[in-house]
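Results of the structural survey
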Amino acid sequence: MRVGLFLTCVNDTLYPRTGQATVALLERLGCDVDFPLAQTCCGQMHWNTGYGRQVEPLVRGFAETFAGYDAVVTPSGSCGAMIRDNHPRAAARSGDPGLADAVAQVMPKVYELTEFLVDVLQVTDVGAYFPHRVAYHPTCHSLRLMRLGDRPTTLLRNVRGLELVDLPGAEECCGFGGTFAVKNPDVSAAMGADKLRNAESTGADVLCAADNSCLMHLGGMISRRKGAIRTLHIAEILAATETDPEGAMWARTGAHR
Amino acid sequence: MTDSRDLILGRIRSALVGVDRAEHPANEPVARDYHDSHTDTGLANLLARNLTDYRAHVHRAAEAELPGLIGRLLAARGARTLAVPPGLPTDWLPGDSGTRILHDDGTLTATELDRVDSVLTGCAVAIAETGTLVLDAGPDQGRRMLTLVPDHHICVVRTGDQIVASVPQALRRLDPERPQTWISGPSATSDIELNRVEGVHGPRTLDVVLIAEG
Amino acid sequence: MNAVPLGMPAFPAAARDATRNTTLRRNLRHATHTIRDRRAAAVAELDDWAGLRAAGAAVKDQTLRHLDHYLEQAEAAVTAAGGQVHWAADADEANRIVADLVRATGETEVVKIKSMATQEIGLNEALAEVGITAYETDLAELIVQLGEDRPSHILVPAIHRNRTEIRDIFRKTMGEWGIPAPEGMSDEPRELAEAARLHLREKFLRAKVAVSGANFLVAETGTLVVVESEGNGRMCLTLPETLISVVGIEKVVPTWRDLEVFLQLLPRSSTAERMNPYTSTWTGVTDGDGPREFHLVLLDNGRTKILADEVGRQTLRCIRCSACLNVCPVYERAGGHAYGSVYPGPIGAILTPQLRGTTSEIDASLPYASSLCGACYEVCPVAIDIPEVLVHLREKVTEQRGHVVERAALRAAGWVMRDPKRYTALQRAAVRTRAVHPRKVPLPGWGKAWSATRDLPALPAESFRTWWQHRDTPGGTT
């Protein structure tokens with residue numbers, strides 16, 4: 001299966017390890033993964049901040065870039081939801097039937113990573129090994145917009161060595177919310193602090209999620225408070241194996257071998 | 001006033017320019033993908049359970065046992081006066097119980113009712129799923145004020161023909177032109193820390209008597 | 001809608017103070033979490049909730065699409081049943097109508113049932129100006145009125161007060177308004193409720209005029225419906241000689257049967273009960289039972305503006321249950337006062353800017369008072385897509401003047417993102433300069449707002465795309 005990886009601009013720039021892990025995982029499961037270089041951003045920041053009219057070229061770019069794949073996989077519930085829910089709205093608003101068509105063509109093939117693993121590849125045990133105590137935070141968009149349900153936790157439960165702990169108040173927002181984090185910094189930080197208190201109460205050493213943007217906010221708070229728990233994208237847990245528990249091999253094929 | 005009427009209706013019509021005005025609303029039926037009821041058996045038990053859950057006291061009796069039971073309920077509270085609506089079946093009333101019975105002829109004032117200890121009525125219909133008694137000011141229920149001002153309400157429900165399962169079924173039996181009071185447990189509030197506390201302005205004690213027909 | 005409260009700061013500033021008030025945070029957390037869990041249990045009892053919710057939305061939408069028709073039908077039915085119908089285009093007109101009606105009775109006091117519409121138009125203040133005292137009779141409204149406070153929740157306006165604070169307010173002020181609080185009253189909710197019963201009973205028995213709102217107005221029959229818990233509503237609707245109901249034009253539902261949907265959706269969503277303790281319905285006036293005179297004041301006050309906006313229109317489905325407030329993580333931390341309106345929380349964040357416009361600082365900030373987490377939409381019993389409307393309103397705000405820096409920044413970002421070459425070049429430039437990137441940004445604006453509580457992530461030595469292009473196994477460049 002020829003899979004187009006839509007990594008997202010945040011992961012591309014700030015979290016390349018998540019991309020490498022996603023590639024390693026999908027290739028291990030037999031997918032032919034491609035990262036089309038024409039990809040940029042889904043437009044979520046513009047859309048959600050009130051600049052929806054600037055999103056149209058990004059919607060067009062996405063539909064054109066990913067037109068030829070059997071499936072499009074993204075390791076982000078939030079960007080996945082932006083594409084699924086709002087690209088059709090933006091296309092409809094553009095008044096360009098060609099764009100609406102292009103979006104409608106690509107849309108059914110777009111999957112968030114865990115959704116792709118469970119629904120399309122139909123695997124719940126990806127052969128991973130991760131000997132840590134892990135709390136899973138279902139980010140709002142992966143929970144309520146992408147409706148990932150128990151897919152991520154099912155995958156995590158099948159990771160050898162991993163102890164999955166229940167996160168109290170799991171379904172409460174972490175307070176990131178895109179530009180909300182800077183437009184309402186005090187409320188955002190109060191929400192983040194509550195999320196971290198809950199995560200720390202579990203004794204987990206890793207807080208994982210399907211969205212690095214939320215983890216950037218939580219990780220930034222942990223770093224500032226010199227907290228003990230660390231944040232990690234779920235792809236990096238699912239890609240870890242007994243022979244390569246820290247993912248040292250993921251980047252081996254890259255330039256810095 | 002006519003000006004504002006025309007102004008508002010005009011604003012509405014211009015707001016709805018996108019709607020086909022030739023379309024009559026009656027021709028746009030709404031999908032109703034919900035149940036007519038969630039239960040069809042054991043309605044009396046369900047009604048009793050839900051009423052009890054909201055702190056009403058539920059009693060069961062044969063119709064012939066009513067006067068005795070009502071007498072005991074009044075005596076237990078030391079009720080000296082009992083108000084009853086004009087059309088209440090007289091054979092429900094307790095005999096020599098020491099409670100003075102006031103037949104409401106429509107002249108009792110709120111201030112007078114404020115000094116009455118208890119009120120006894122029937123009901124129009126009861127809803128099992130929600131634990132609700134509906135009063136529609138029928139002859140055995142009386143004016144709305146009657147069941148509001150006294151602190152103790154005894155309501156008699158005939159299980160044979162007065163209990164329905166659900167809200168949709170109840171609405172079909174009721175006449176909107178009659179003033180109605182739907183009662184689900186005694187007066188309560190959630191205003192202090194969003195927790196339910198029974199007993200504010202309406203009757204703080206609600207006794208419900210379920211009578212079997214026959 | 002009434003003007004913005006004087007000196008009201010934008011939401012972020014008002015919320016900042018609230019997040020630092022530990023008592024307030026504790027009170028709100030306790031109350032909202034209590035009701036949240038109970039609502040979920042009450043809703044889970046009905047396996048057809050999704051169908052009821054869809055029907056609720058559909059009935060409201062259909063009504064709104066023919067609102068003129070249903071209002072005229074309701075007017076005719078109310079009139080035929082002996083009521084009088086008045087139309088108020090705005091708050092001032094509604095207040096004037098009510099004041100004139102009260103004055104015509106010769107009374108100088110009215111008892112009131114909690115009503116969002118009369119709060120929205122500032123009726124109590126308007127009546128006070130013409131020498132009429134309005135007594136709030138809902139327990140929470142009473143707490144707010146006695147405490148000279150502002151409401152902070154739709155259903156429970158005194159949610160920001162805990163039992164001890166309520167006891168102190170009652171002890172201190174009840175005597176100034178009428179019957180004082182009983183000697184030795186504790187902060188037990190039962191005793192507080194008893195104090196309110198005694199205090200208000202005297203007012204109910206004396207009152208000749210009552211003012212209410214309504215939850216529903218049935219067009220085909222002219223029936224009004226009030227859903228309540230305490231019995232203060234029944235007192236106001238039954239004992240006085242004159243009843244005046246101020247009802248927003250969006251409260252109309254077509255048929256008596258339609259109540260079967262809303263009387264299932266509303267109680268479970270608002271107080272998490274199978275059914276609220278008391279629901280009253282009345283149609284015009286009834287001989288020998290209840291008020292002899294009934295006036296219905298139909299209120300526009302900005303609603304027709306919302307109706308005209310095809311995205312915003314769904315806001316008018318709202319049945320004021322407040323489930324969205326109770327699940328909102330922002331409301332829980334910011335509190336209701338930060339919203340600067342009688343409508344706080346997620347529904348307030350979309351309703352207030354549509355009713356009042358977005359010209360003031362607070363109103364322009366309300367559409368941003370959300371992390372777009374979507375919890376509000378999920379619990380809304382009439383499926384108002386609050387995040388969708390928030391984003392829609394954000395667009396309206398950004399199209400106003402101002403926002404110069406933000407607009408320029410986002411436009412520049414958009415210009416970069418729409419071209420992979422520009423995007424890649426900028427990414428490379430960022431990576432090249434990473435050695436000098438701070439983990440905190442000392443500049444004002446977004447950087448500072450982020451950095452006050454959070455470090456920035458360190459920029460990696462190599463972006464994914466650079467790595468990918470040099471990868472020498474399958475895949476490679478495209």
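Residues numbered from 1 in each chain as written. Chains lettered and ligands numbered in written order. Predicted model: local features only at pLDDT ≥ 70, side-chain atom pairs only at ≥ 80, totals over all residues. Heavy atoms only, no water.

**A look at the overall build of chain A**
Put simply, the test is: Each helix corresponds to a stretch of at least 4 residues labelled H or I by DSSP, and each strand to a stretch of at least 2 residues labelled E; elements are numbered beginning at the N terminus. Throughout, the radius of gyration refers to the C-alpha atoms, and the reference size of a globule is 2.2 Å times the residue count to the power 0.38. Burial status follows relative accessibility: with a 1.4 Å probe on protein chains alone, a residue under 20% of its type maximum counts as buried, one over 50% as exposed, and anything between as partly exposed. To measure how exposed things are, a 1.4 Å probe is used in the Shrake-Rupley method; for residues, cover is taken only from the protein chains shown. Counting rule applied: Lys, Arg positive; Asp, Glu negative; His and chain ends not counted. Working definition for charges: the position is that of NZ of Lys, CZ of Arg, CG of Asp or CD of Glu.
Helix and strand counts for chain A come out as 13 helices and 8 strands. Whereas a compact globule of 257 residues would reach a radius of gyration of roughly 18 Å, chain A reaches 18 Å, a difference of no more than 12%. Dimensions of chain A, computed from C-alpha atoms along their principal axes, come out at roughly 55 × 45 × 35 Å. Counting every position in chain A, which comprises 257 residues, the buried fraction comes to 63%. Summing over all exposed atoms, chain A offers an accessible surface of approximately 8,800 Å²; the carbon and sulfur share of this is 51%. Separation between the mean location of the 24 positive side-chain charges and that of the 28 negative ones in chain A comes to 4 Å.

**With respect to the side chain of Asn11 of chain A**
Residues and elements named next belong to chain A. Convention followed: Residue contacts follow a heavy-atom distance rule, with two residues in contact if any of their heavy atoms lie within 4.5 Å.
Mapped onto the fold, Asn11 is located in helix H1 (residues 9–14). Relative accessible area serves as the criterion here: at 2%, Asn11 is assigned to the buried category. With residues up to four places along the chain from it excluded, the contact list for Asn11 reads Pro16, Thr18, Pro75 and Asn212.

**Quick look at the interface of chain A and chain C**
Rules: Put simply, buried area is the surface a 1.4 Å probe can reach on two separate parts but cannot reach once they are joined, added for both. The salt bridge definition used is simple: a Lys or Arg side-chain nitrogen within 4 Å of an Asp or Glu carboxyl oxygen. Polar contact is defined as a pair of N or O atoms within 3.5 Å, subject to the rule that within protein one atom must be able to donate a hydrogen and the other to accept it, and that residues adjacent in sequence are counted only when both atoms are side-chain atoms.
Opposite the 70 residues of chain A that make contact, chain C presents 72 residues. Roughly 6,200 Å² is buried in total at the junction of chain A and chain C, and carbon and sulfur atoms are behind 56% of that figure. When the area that chain A buries against chain C is broken down by residue, the three leading residues are Leu37, Tyr51 and Arg224 of chain A, summing to 12%. Linking chain A with chain C are 15 salt bridges. Here Arg25 of chain C ties to Asp194 of chain A by a salt bridge, and the two come within 3.6 Å at their closest N and O atoms. Where chain A touches chain C, the interface holds 35 residue pairs in polar contact (both at pLDDT 80 or more).

**Brief notes about the pairing of strand S12 (residues 205–212) of chain B**
Residue and element names in this part refer to chain B. Just so we agree on the cut-off: For two strands to be treated as a pair, DSSP must find at least two bridges joining them.
Of all the 8 residues making up S12, 7 are buried; the element is thus mostly covered by neighbouring parts of the structure. Note that strand S1 (residues 57–62) and S12 share 6 bridges and pair parallel. Of the residues in S12, the one forming a bridge with Arg60 is Leu210. Where strand S7 (residues 152–158) lies against S12, 7 bridges are found, and the strand directions are parallel. Bridging from a neighbouring strand, His152 pairs with Thr205 of S12.

**Here we look at the nonpolar core**
Short version of the rule: Side-chain atoms within 4.5 Å are what join buried Ala, Val, Leu, Ile, Met, Phe, Trp, Tyr and Cys residues into a set we call a nonpolar core.
Judged by nonpolar contacts, the single largest core of 177 residues is most densely connected at Phe11, Phe170 and Phe216 of chain C. Ignoring anything within four residues of it in the chain, the contact list for Phe216 of chain C reads Thr223, Leu224, Val225, Val227, Lys251, Val253, Leu259, Phe262, Leu263, Leu266 and Ile319 of chain C.

**Brief notes about the domain arrangement of chain A**
Residue and element names in this part refer to chain A. The criterion, for reference: An automatic or database domain assignment supplies the start and end points of every domain. Under the scheme applied, nonpolar residues are Ala, Val, Leu, Ile, Met, Phe, Trp, Tyr, Cys and Pro; charged residues are Asp, Glu, Lys and Arg; polar residues are all the others, including Gly.
Taken domain by domain, chain A comprises domain 1 (2–120) and domain 2 (133–238). Computed over C-alpha atoms only, the centres of domain 1 and domain 2 are separated by 22 Å. Contacts between the two partners involve 28 residues from domain 1, matched on the other side by 19 residues from domain 2. Here domain 1 and domain 2 share an interface that buries about 1,900 Å² over both sides, 64% of which is from carbon and sulfur atoms. Looking at the side of domain 1 facing domain 2, the largest losses of area belong to Tyr15, Thr18 and Thr114, adding up to 21% of the total buried there. Connecting domain 1 to domain 2 are 1 salt bridge. Its salt-bridge partner being Asp119, residue Arg151 comes within 3.0 Å of it at the nearest N-O pair. On inspection of domain 1 and its partner domain 2, the count reaches 13 residue pairs in polar contact (both at pLDDT 80 or more). Elements that contribute at least two residues to the side of domain 1 that touches domain 2 include exactly H1, helix H2 (16–28), helix H3 (44–49), helix H5 (77–94) and helix H7 (113–120). Here the residues of the side of domain 1 that touches domain 2 sort into 10 nonpolar, 11 polar and 7 charged.

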